[in-house]
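Chain residues, written in single-letter form:
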Amino acid sequence: AASLTDMSPEVRRTMARAAVVGQRFDTDEFVALSCLDEERAFEVLDEALAREIVAPTSGGYEFRHGLLREALVDDMAPHRRRTVHRDAAHRYVELGAPPSRVAHHLIEAGELVEAAPWALRAARAAQAVGALRDAVSRVDAVLDRAETDVRVELLALRADVLAGMGDPAAVAAFQQALAETEGPTRRLLEAKMARAAMMGGDIAAAQSVLEGLEPDGGPFDGAVLHAKGMLAYFTGDLDSAQAAAEQARPFALGEGAPATMLDVLTLQGMVAHNKGEWFDRMRSELTVTADSNELAATIFDCHL
């Protein structure tokens, strides 16, 4: 704190805004967050560099030490910090920053309703790269304050991520999502809930969910058929499992199909293995896909 005492109020205020946002920043971020015109912002940055408050890095700048950043942040009243976080979020939107960054600053600003759609996008991005716990934490941070439409999507995503983690709470999460979901999407959630129950060893619960759930020509028939095929497999009805998987296969290989639909191919491999037909099945699959290395590799991975 002593090393900052002879800074001008404008320089100290500007560097404090940058400090609230994080340890590192680039020039575009600094100018956007400074609330100054570009020339004056660079003059402030030059002074911070001269005083060794910040140091250049390969990607921009960083505070020379965490203690300097902490001193600047501690010097700002909590309500001012919230204002900076809110301003930072809006400026990051203009800069096209990742949704996770926008969501983080809106949450820190206490703007949870506004943060919810950004948190949803950030959670989806985290799920896509396998950062499942991060995805759940982003959903949980805004779930109670999200508006209805966004909340329904958050609940569905949370259940899906928990299922991907093998968390026993996934079934209850799907139940919560179903309680607030209307329309055709319920069919997808029911199919996923049944799968989660089966993966948790609760076959009776899966049977209860899938009772009366049949393909209807809608967009979620693939998921329904896969769930019913899994149930048949786990209850020892290999012929029904095989038939359901064959019906679901076109959905799994269709353009734009979610990656999870490739589990249909895994189910086909499981059935073939149990029937003693796996090598024949694998030979057939690789022959059919001989003209597409990418598709052949995908199918091979599913069978593995």
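As a reminder, the structure under discussion sits directly above these lines.
Residues numbered from 1 in each chain as written. Predicted model: local features only at pLDDT ≥ 70, side-chain atom pairs only at ≥ 80, totals over all residues. Heavy atoms only, no water.

### Some details on the pairing of strand β3 (residues 60-63)
Spelled out, the test is: DSSP-based pairing: two strands are paired if at least 2 bridges between them are found. Helix and strand assignments come from DSSP, with helices taken as H or I runs of at least 4 residues and strands as E runs of at least 2, each series counted from the N terminus.
As judged from the two bridges shared by strand β1 (residues 24-25) and β3, these two strands associate in the antiparallel manner. In the sheet register, Phe 25 faces β3, and the bridge partner there is Tyr 61. One ladder, built from four bridges, connects strand β2 (residues 54-57) with β3; its direction is antiparallel. Opposite Ala 55, over in β3, you have Glu 62 as the bridge partner. Hairpin connection, β2 to β3: the antiparallel pair is bridged by two residues.

### Focus: helix α15 (residues 263-274)
Here is the rule: By this rule the span expected of a helix is its residue count minus one, scaled by 1.5 Å. Each residue is assigned to one of three classes by its accessible area relative to the maximum for its type, calculated with a 1.4 Å probe on protein chains only: buried under 20%, partly exposed between the two thresholds, exposed over 50%. A contact between two residues is defined here by any heavy atoms of the two lying within 4.5 Å.
Given a rise of 1.5 Å per residue, twelve residues ought to cover 16 Å, and the 17 Å separating the end C-alpha atoms of α15 matches this to within 8%. When we look at burial in α15, the residues that qualify are Val 264, Leu 265, Leu 267, Gln 268, Gly 269, Val 271 and Ala 272. Those residues of α15 that are buried lie in contact with α13 (221-234), α14 (238-252), α16 (278-288) and α17 (293-303).

### Observations concerning a negative patch on the surface
Going by this rule: Put simply, a patch holds well-exposed residues, over 30% relative accessible area, that have no salt bridge, with like charges counted together within 9 Å and Val, Leu, Ile, Met, Phe, Trp or Tyr side chains within 5 Å. Surface exposure here means Shrake-Rupley accessible area, sampled with a 1.4 Å probe, where a residue is shielded only by the protein chains that are shown. Only one rule defines a salt bridge in this text: a Lys or Arg side-chain nitrogen within 4 Å of an Asp or Glu carboxyl oxygen. Charged-residue counts in this description rest on Lys and Arg as positive and Asp and Glu as negative, His and the chain ends being excluded. Working definition for charges: the position is that of NZ of Lys, CZ of Arg, CG of Asp or CD of Glu.
Together, Asp 28, Asp 37, Glu 38 and Glu 39 give the surface a local cluster of negative charge. Looking at the element boundaries, Glu 38 is found in helix α3 (residues 38-50).

### A look at the nonpolar core
A general tendency of soluble globular proteins is for nonpolar side chains to be buried together. Operational definition: For this analysis, a nonpolar core means a set of buried residues of the types Ala, Val, Leu, Ile, Met, Phe, Trp, Tyr and Cys, connected via side-chain atoms within 4.5 Å.
In terms of nonpolar packing, the biggest core is built from 78 residues, with Met 15, Phe 25, Ile 53, Phe 63 and Leu 154 touching the most fellow members. Once you skip the residues sitting within four places of it in the chain, Met 15 turns out to touch Met 7, Phe 25, Phe 30, Val 44, Ala 48, Val 54, Phe 63 and Leu 72. Grouped together as the second largest cluster of nonpolar side chains are eleven residues, Ala 241, Ala 248, Val 264 and Leu 267 included.

### Some words on a nonpolar patch on the surface
Together, Leu 286, Phe 300 and Leu 304 line one region of the surface with nonpolar side chains, adding up to about 300 Å² of accessible area. Mapped onto the secondary structure, Phe 300 falls in helix α17. Judged by its relative accessible area of 35%, Phe 300 falls in the partly exposed class.

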